[in-house]
Amino acid sequence: MSGANFMKLSFASRSENESFARVAVAAFVSQLDPTLNELTDIKTVVSEAVTNCIIHGYDNDPNGIVTIAAEIEGDTVRITVEDEGAGIADLEQARQPLYTSKPELERSGMGFTIMENFMDEVDVTSAPGAGTKIRMVKRIESKKALYN
Amino acid sequence: MSLQMELEHGRKALIVRLKGELDHHTADVVKSRMEDAIVSGDVRNVILSLRDLSFMDSSGLGVILGRYKQITAKGGKMVVCDVSPAVYRLFELSGLFKIVSVQENEKSAISSLEAV
Ligand SMILES: Nc1ncnc2c1ncn2[C@@H]1O[C@H](COP(=O)(O)OP(=O)(O)O)[C@@H](O)[C@H]1O
Ligand SMILES: [Mg+2]
């Protein structure tokens, strides 16, 4: 098989781009013929990761840049979502279910928990002042695979 | 608009119907319109109908939990109805089920309020 198929997108850290981002990734992943549930999972995790870049990475400043890359290889999709914003000092705490550093904004603290539950792998690279990069992997139970 | 809201002042409760996508971008308007309705109107209970909600993420959980706290602080109740399997899963993950009452549809949501 030849190399992986990929796509890459950069956009302004504006909340109206959250729906754009999840729809764009879902459209790219559609070539694997995922189930509706798998597509919903992908949309949800992209929404979580992008929202975190905007709210936490850039503190709702619309002048930041969010970058998404997605790669398909065989039946596996790899998605990275990154910002060049604030970064995370305590990753272990950040990944705790229900933990949020912004309770005053009615955050639920469930973003990381959702990403971990909906994807096969999630890893986070982050440092204070150096931005955050989330890398997620999911195997798609392609309907196509049944026939090929 | 990616989210539409319909508010109806029923006899027993404020009925809020959400249609479209509830995320961080659309959560603000849901928050402010529900907050205003609860504060200014004579609202005791809230029924939140998610029948036509096509997408929701954890920002939706936050805004639902926020309104739950607001209405229970006034001694009222919140009932959520017509929850899709995808939203159901988010409720389960977050433990929201343990505190918010979930009913099949608006009709059963209303009768669940009358029963008490
Ligand atoms: N891209 C990011 N940049 C900086 N901090 C982040 C980022 N993503 C997550 N965090 C931190 O991790 C915490 C938990 O994130 P999450 O589980 O999505 O909950 P929430 O977004 O509701 O706060 C956030 O409150 C924030 O402190
Ligand atoms: Mg989040």
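Going by an unreviewed UniProt entry, chain B carries the name Anti-sigma F factor antagonist and comes from Gordoniibacillus kamchatkensis. Regarding chain B, the UniProt comment filed under Sequence similarities (unreviewed entry) reads as follows: "Belongs to the anti-sigma-factor antagonist family."

Under an unreviewed UniProt entry, the name given to chain A is Anti-sigma F factor, and the source organism is Gordoniibacillus kamchatkensis. Under the Sequence similarities (unreviewed entry) heading, UniProt states for chain A: "Belongs to the anti-sigma-factor family." The UniProt entry for chain A carries the following comment under Function (unreviewed entry): "Binds to sigma F and blocks its ability to form an RNA polymerase holoenzyme (E-sigma F). Phosphorylates SpoIIAA on a serine residue. This phosphorylation may enable SpoIIAA to act as an anti-anti-sigma factor that counteracts SpoIIAB and thus releases sigma F from inhibition."

**Q** Can you explain the pairing of strand β4 (residues 121–126) of chain A? Please cite residues and give values.
**A** Residue and element names in this part refer to chain A. Only one face of β4 is buried: it carries Val122, Val124 and Ser126, and the other face, with Glu121, Asp123 and Thr125, is open. Here β4 pairs with strand β5 (residues 132–139) via six bridges, running antiparallel. Directly across from Asp123, in β5, lies its bridge partner Arg135.

**Q** Please set out the site of ligand 1 residue by residue, giving values where relevant.
**A** Residue and element names in this part refer to chain A. Surrounding ligand 1, one finds 18 residues, the nearest of these being His56, Asp83, Thr100, Ser101 and Gly109. Between Ser108 and ligand 1, the recorded distance is 3.5 Å, taken from a backbone N or O atom to an oxygen atom. For ligand 1, an oxygen atom lies 3.1 Å from a polar atom in the backbone of Gly111. Burial of ligand 1 by the protein amounts to 96% of the accessible area it has alone, namely 530 Å². The pocket occupied by ligand 1, as judged from atoms lying within 2 Å of grid points, is the largest pocket. Elements that contribute at least two residues to the shell around ligand 1 include exactly α2 (36–57) and α4 (111–118). Here the shell around ligand 1 gets four residues from one element, more than from any other, and that element is α2. Taken together, the residues that form the shell around ligand 1 break down as six nonpolar, ten polar and two charged.

**Q** Could you give an account of the packing of aromatic side chains, naming the residues involved and the relevant values?
**A** All chains considered together, the criterion is met by three aromatic pairs over all chains. Judged by centre distance (5.9 Å) and plane angle (90°), the rings of Phe11(A) and Phe20(A) are edge-to-face. Taken together through their ring pairs, the aromatic side chains of Tyr88(B), Phe91(B) and Phe97(B) make up a single cluster. Over the ring of Phe118(A) we find Arg89(B); its NZ or CZ atom is 3.9 Å from the centre of that ring.

**Q** Give me the sheet that holds strand β1 (residues 3–9) of chain B: which residues, what numbers.
**A** Residue and element names in this part refer to chain B. Here we have five strands laid out as an open sheet, ordered β1-β2-β3-β4-β5, and mixed in their pairing. The sheet terminates laterally at β1 and β5 (101–103), the two strands that pair on one side only. With strand direction ignored, the average angle separating the axes of adjacent strands in the sheet is 20°. Where β1 lies against strand β2 (residues 14–22), seven bridges are found, and the strand directions are antiparallel. When the sheet's bridge partners are listed, Leu7 is paired in β2 with Val16. Running over the sheet, helix α2 (residues 58–73) touches β2, β3 (46–56) and β4 (78–81) and is turned about 175° from β3.

What counts and how
- Residues numbered from 1 in each chain as written.
- Chains lettered and ligands numbered in written order.
- Predicted model: local features only at pLDDT ≥ 70, side-chain atom pairs only at ≥ 80, totals over all residues.
- Heavy atoms only, no water.
- UniProt positions renumbered as here; feature names shortened; annotations may be inferred.
- Buried < 20%, exposed > 50% of the residue type's maximum accessible area, 1.4 Å probe, protein only.
- Helix = DSSP H or I, 4+ residues; strand = E, 2+ residues; numbered from the N terminus.
- Pairing = 2+ DSSP bridges.
- Near = heavy atom within 4 Å.
- Polar contact = N/O pair within 3.5 Å; in protein donor to acceptor, adjacent residues only side chain to side chain.
- Areas by Shrake-Rupley, 256 points an atom, 1.4 Å probe, with all protein chains shown as cover.
- 1 Å grid on protein atoms, 1.4 Å probe; cavity = no way out; pocket = protein on both sides within 12 Å on 5 of 7 lines; lining within 4 Å.
- Sits in = over half its atoms within 2 Å of the grid points.
- Nonpolar A, V, L, I, M, F, W, Y, C, P; charged D, E, K, R; others polar.
- Phe/Tyr/Trp six-rings, centres within 6.5 Å; stacked < 30°, edge-to-face > 60°.
- Lys NZ or Arg CZ within 6 Å of the ring centre and 35° of its normal.
- Axes fitted to C-alpha atoms, helices over the stretch in contact; angles between N-to-C directions.
- Contact = heavy atoms within 4.5 Å.

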